[in-house]
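Okay, here's what each chain looks like letter by letter:
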Amino acid sequence: MSNKIIAGLLLTASLFSTSYARAEYALGAMIGDPIGFSGRMSLNDQNSVDAFLGASGGTFRGLQLHSTFLFDKFQSWEMAKEGPMNLYLGIGARVIFINDGKYDGDVAFGPRAPVGMTYMWADPKVEFFAEAALILDVSPKVDADLDIGAGARFRF
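Since we're looking at a predicted model, the values are computed, not measured. (Residues numbered from 1 in each chain as written. Predicted model: local features only at pLDDT ≥ 70, side-chain atom pairs only at ≥ 80, totals over all residues. Heavy atoms only, no water.)

Peer 1: Lay out the overall build of the protein in plain terms, naming residues and giving numbers.
Peer 2: A tally of regular secondary structure across the protein gives one helix and eight strands. Counting from the amino terminus, helix and strand elements in the protein follow one another as α-β-β-β-β-β-β-β-β. Going through the 156 residues of the protein one by one, you find that 42% of them count as buried. On the protein, roughly 8,100 Å² of surface is accessible, and the fraction owed to carbon and sulfur atoms is 68%. (Helix = DSSP H or I, 4+ residues; strand = E, 2+ residues; numbered from the N terminus. Buried < 20%, exposed > 50% of the residue type's maximum accessible area, 1.4 Å probe, protein only. Areas by Shrake-Rupley, 256 points an atom, 1.4 Å probe, with all protein chains shown as cover.)

Peer 1: Break down unusual backbone geometry for me, with residues and values.
Peer 2: Looking along the chain, the bond that leaves Asp 33 and enters Pro 34 is cis, with omega of 15 degrees. Along the chain, Pro 34 falls in the loop between β1 (25-33) and β2 (35-42). Between Ser 139 and the following residue, Pro 140, the backbone shows a cis peptide bond with an omega angle of 0 degrees. Structurally, Pro 140 is set in the loop between β7 (126-137) and β8 (143-155).

Here it is in structure tokens:
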């Protein structure tokens, strides 16, 4: 039970500690593993915070939440007039409320480190992204996992 409380508090703190953010938000969906809804909030021209809510089908199956601080423009390339392509890196946390198998009812928790690409389309204001994230679960057992997904978000 204490793992669930700690995981919930850390995820909530990471989402609400960025209330000073400038006004660019993006909402959309991601497919792969995991699959679900994705959001991103820009903090400045170089950094943002993402959040995810969906289903995990990897090592642990269940409801997955994650949030990550992103270095949005680790490397950037100007493509066409539509917008740039950016390589991003990040560090954050993932929580899975497990509802299958040996650990049914437990919570998987651990840090996550994604590497991904975004393509910012100017009109309409859409961003396409793909990422791979390495996760080190520390609960309910120590284990490494890899999330791979792609998606699109509308910016406003």
